[in-house]
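This is what each chain is made of:
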Amino acid sequence: MRLYPFSLLMAVCLYVLTGCKKDKDDPNVPVIDMSTDFLVNKSDREVEVTLEMTVPGGVKTLEITKGVNLKPDAVYGTKSVNPASTGENKYRYIFYYTLQRDEIDKLVGFNFKLTDNQGRIVEKDLTVHTEANAAEIIYSKRWKITSQLRVTASPAAEEIDNCVKDNIYIFNKDSSMSVNFGAAGCGLEGLNIYDKWQLSEDEQTFQWEYYNVFAPSQRTVEQFKVRSISSNELKMDIVIDLSWLGPPYTDKEQFVYTFVPTL
């Protein structure tokens, strides 16, 4: 093994350190500051990231590329954008992106590459994580009720009728819905036509609407408070007036409905 003089090794180290310090202290090197480098949000939601740039040499190009699971996204390609001047050597670009359903739980990243008029380059990376939004979970499956727990009873009591356990609830993307009543019908339940559903923007409130086939102009809206929404279960609270049944029922009976997806 060849040995090098200690003085030569020191000289090399000083050269490397001096070069790094020179690059670091160069006042003309462009600088990019991003409002964040990591985002988590629901599919179909738009995210926004602000890039603040200091570019003494002036911006030549600002290019954006995208990767999915560490592979370049050829469909997205390379996008050249024009940042806005905000003052002497100062620039701003606001990046918008709508999170895609086919990117749920995938590693998605964006690279921002800035080149100034003297050829100096600086890059920044943004990582986004897309989760399924609750509405998408609801309309992507068919559901059945497995529990109607009356929590205002003491103790809490299960009050689901066997005849509703084979009902299938279908919630469509366009906010329409339908119920396929099973073979074991509950009295006149088939006379109620369920046709609309809605989930609030904050995913905390769910409601459905129905009307009686003999009085279509008289609509009933039932509103639920969401406890949890997942691909395996919907759990929601509703308060129902059951005072017409007499004691022990009141006009504020609270139930927890649990739905599971059908096969």
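Residues numbered from 1 in each chain as written. Predicted model: local features only at pLDDT ≥ 70, side-chain atom pairs only at ≥ 80, totals over all residues. Heavy atoms only, no water.

### Digging into the pattern of salt bridges
Tallied over the full model, the rule gives 14 salt bridges. Here Arg 45 and Glu 203 are joined by a salt bridge, their closest N and O atoms 3.4 Å apart. Residue Arg 45 is found in the loop between strand S2 (38-42) and strand S3 (46-54), and its partner Glu 203 is found in the loop between strand S15 (192-199) and strand S16 (205-212); the two are separated by 158 residues along the sequence. Take Glu 203: its relative accessible area is 15%, and that puts it in the buried class. (Salt bridge = Lys/Arg side-chain N within 4 Å of Asp/Glu carboxyl O. Helix = DSSP H or I, 4+ residues; strand = E, 2+ residues; numbered from the N terminus. Buried < 20%, exposed > 50% of the residue type's maximum accessible area, 1.4 Å probe, protein only.)

### Side note on the environment of Asp 251
With respect to the element layout, Asp 251 can be found in the loop between strand S18 (233-240) and strand S19 (253-261). By relative accessible area, Asp 251 is classed as partly exposed at 40%. The spatial distance from the C-alpha of Asp 251 to the C-alpha of Asp 241 is 3.8 Å, given a sequence separation of 10 residues. When residues no more than four places from it in sequence are discounted, the contact partners of Asp 251 are Ile 240, Asp 241, Leu 242 and Ser 243. (Contact = heavy atoms within 4.5 Å.)

### Side note on the nonpolar core
In this structure, Tyr 169, Phe 171, Phe 206, Trp 208 and Phe 259 are the most contacted members of the largest nonpolar core, which totals 29 residues. At 4 residues, the largest contribution of residues to this core is made by S18. In contact with Trp 208, not counting residues within four places along its chain, are Tyr 169, Phe 171, Met 177, Tyr 194, Lys 196, Trp 197, Thr 220, Val 221, Glu 222, Phe 224 and Phe 259. By size, the runner-up hydrophobic cluster in this structure holds 25 residues, among which are Leu 39, Leu 51, Leu 114 and Val 128. (Core = buried A, V, L, I, M, F, W, Y, C linked by side-chain atoms within 4.5 Å.)

### Observations regarding the environment of Asn 69
For Asn 69, the position within the fold is in the loop between strand S4 (59-68) and strand S5 (71-72). Taking the C-alpha atoms as reference points, Asn 69 and Asp 105, 36 residues apart in sequence, are found 9.9 Å from one another.

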